[in-house]
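Chain by chain, the residues run as shown.
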Amino acid sequence: MSNPADQPRVSGRPDRIFVSVDESTGRSTISFAPSDVGSPFQRDNDADGAHAMRDAQAIRARYPGATIHGPHFHAARTARPRQRRRS
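Our subject in this report is the structure included herewith. (Residues numbered from 1 in each chain as written. Predicted model: local features only at pLDDT ≥ 70, side-chain atom pairs only at ≥ 80, totals over all residues. Heavy atoms only, no water.)

1. Quick notes on the nonpolar core
To keep things clear, this is the line we draw: Among buried residues, the Ala, Val, Leu, Ile, Met, Phe, Trp, Tyr and Cys ones that are joined through side-chain atoms within 4.5 Å form a nonpolar core. We call a residue buried when its accessible area falls under 20% of the maximum for its residue type, exposed when it is over 50%, and partly exposed in between, using a 1.4 Å probe and counting protein chains only. Helix numbers and strand numbers start at the N terminus; a helix is a DSSP run of H or I with at least 4 residues, a strand a run of E with at least 2. We call two residues in contact when some of their heavy atoms are within 4.5 Å.
In terms of nonpolar packing, the biggest core is built from 13 residues, with Ile17, Val19, Ile30, Phe32 and Ile68 touching the most fellow members. For this core, the secondary-structure elements that each account for two or more residues are strand E1 (16–22), strand E2 (27–33) and helix H1 (50–62). Take this core: its biggest share by element is 4 residues, from H1. Among all residues touching Ile30, those that are not within four sequence positions of it are Pro8, Ile17, Phe18, Val19, Ser39, Pro40, Phe41, Ala52, Asp55 and Ala56.

Right, dumping it as structure tokens:
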């Protein structure tokens, strides 16, 4: 079991818990709706989102009725090269 200080903190009942995973960095993020319930929480080295899903399920156990959405996998946007103006 992980340290409680490493767990996401919520200040109220979340309606929805979102889990997303950035495949390019291996970082997972848990966020909430409404957003004032808690700040987004990130975990490094969670490329499959398993740790974030355990955290989300623990939060849902404390707040029955909250729904978990995810994990959603995405890749960070790459920087686009700047367009040069033609003179």
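2. With respect to the pattern of salt bridges
Worth spelling out the cut-off: A pair is scored as a salt bridge if a Lys or Arg side-chain nitrogen falls within 4 Å of a carboxyl oxygen belonging to Asp or Glu.
According to the stated counting rule, one finds 2 salt bridges in the structure shown. Two residues, Arg27 and Asp44, come together in a salt bridge whose shortest N-O distance is 2.8 Å. One end of the pair, Arg27, is in strand E2; the other, Asp44, is in the loop between strand E3 (41–43) and H1, and 17 residues separate them in sequence. The class of Arg27 is partly exposed, set by a relative accessible area of 34%. Asp55 serves as the salt-bridge partner of Arg43, at 2.7 Å between the closest nitrogen and oxygen.

3. So, the environment of Asp46
Applied cut-off: Two N or O atoms count as a polar contact when they lie within 3.5 Å, although within protein this holds only if one can serve as hydrogen donor and the other as acceptor, and sequence-adjacent residues are included solely when both atoms are side-chain atoms.
For Asp46, the position within the fold is in the loop between E3 and H1. Each C-alpha atom of the pair Asp46 and Ser28 lies 5.8 Å from the other, and the pair is 18 residues apart in sequence. Leave out the neighbours within four places in its chain, and Asp46 touches Val21, Gly26, Ser28, His51 and Ala52. Polar side-chain contacts of Asp46 include one of 3.3 Å to the backbone nitrogen of Ala50.

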